[in-house]
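# Residue-level structure breakdown
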Amino acid sequence: MADTTPIEVDTATAERLAALAGDVPVSAFLATLVETAESQLALERGARAFDRVMGAPGIREAFARDFGPHGSTATRAA
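First things first, this report covers the structure right here in the doc. Model, not experiment: these values are computed from the prediction. (Residues numbered from 1 in each chain as written. Predicted model: local features only at pLDDT ≥ 70, side-chain atom pairs only at ≥ 80, totals over all residues. Heavy atoms only, no water.)

### Description of the overall build of the protein
Helices and strands together make up the secondary structure of the protein, namely 3 helices and 0 strands. In the protein, the succession of α and β elements from N to C terminus is α-α-α. Within the protein, the proportion of its 78 residues that are buried is 5%. (Helix = DSSP H or I, 4+ residues; strand = E, 2+ residues; numbered from the N terminus. Buried < 20%, exposed > 50% of the residue type's maximum accessible area, 1.4 Å probe, protein only.)

This is the structure we're talking about:
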């Protein structure tokens, strides 16, 4: 069995969590909520990194050339 620790929330929040969880145990619902939040943060970090890279001289043009509307030259149909 996984290690667990109790968390305390006010009654109204506990009731809202239970309602949102529906038939799923609240602990499983919270675990999914945490995974979703972590994924969102990772996507945001990746987007910021992409924006930084795209700001480098010549990168935007090279990206558009290789991955623009017509796709990479390596993946174009012959």
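### Some remarks on the packing of helix H2 (residues 26–54) against helix H3 (residues 59–67)
Remark: H2 packs on H3, axes separated minimally by 8 Å, with the N-to-C direction vectors making an angle of 110°. Taken together, H2 and H3 sit at an angle that is classed as roughly perpendicular. Packed against H2, whose contacting residues are Phe-50, Val-53 and Met-54, the element H3 presents Ile-59, Arg-60 and Phe-63 at the interface. Here the contact of H2 with H3 is composed, by residue class, of 5 nonpolar, no polar and 1 charged. (Axes fitted to C-alpha atoms, helices over the stretch in contact; angles between N-to-C directions. Parallel < 35°, antiparallel > 145°, perpendicular 65-115°, else oblique. Contact = heavy atoms within 4.5 Å. Nonpolar A, V, L, I, M, F, W, Y, C, P; charged D, E, K, R; others polar.)

### Overview of a nonpolar patch on the surface
A contiguous nonpolar surface patch, about 310 Å² in accessible area, is contributed by Phe-50, Phe-63 and Phe-67. Note that Phe-50 resides in helix H2. The class of Phe-50 is partly exposed, set by a relative accessible area of 41%. (Patch = residues over 30% accessible without salt bridge, like charges linked within 9 Å, V, L, I, M, F, W, Y side chains within 5 Å. Areas by Shrake-Rupley, 256 points an atom, 1.4 Å probe, with all protein chains shown as cover. Salt bridge = Lys/Arg side-chain N within 4 Å of Asp/Glu carboxyl O.)

### Description of the packing of aromatic side chains
In total, this model carries 2 aromatic pairs according to the counting rule given. A ring pair is formed by Phe-50 and Phe-63, whose centres lie 5.5 Å apart and whose planes are at 75°; its orientation type is edge-to-face. Taken together, the positions of Phe-50 in helix H2 and Phe-63 in helix H3 put the pair 13 residues apart, joining distant regions of the chain. Relative to Phe-67, the ring of Phe-63 has its centre 5.2 Å away and its plane inclined at 40°; by these criteria the two rings are tilted. Here Phe-67 and Phe-63 lie together in helix H3, a separation of 4 residues that amounts to about one turn. Phe-63 gets classed as partly exposed once you look at its relative accessible area, which sits at 35%. The exposed category is assigned to Phe-67, whose relative accessible area is 52%. Counting every residue linked through ring pairs, the aromatic cluster contains Phe-50, Phe-63 and Phe-67. (Phe/Tyr/Trp six-rings, centres within 6.5 Å; stacked < 30°, edge-to-face > 60°.)

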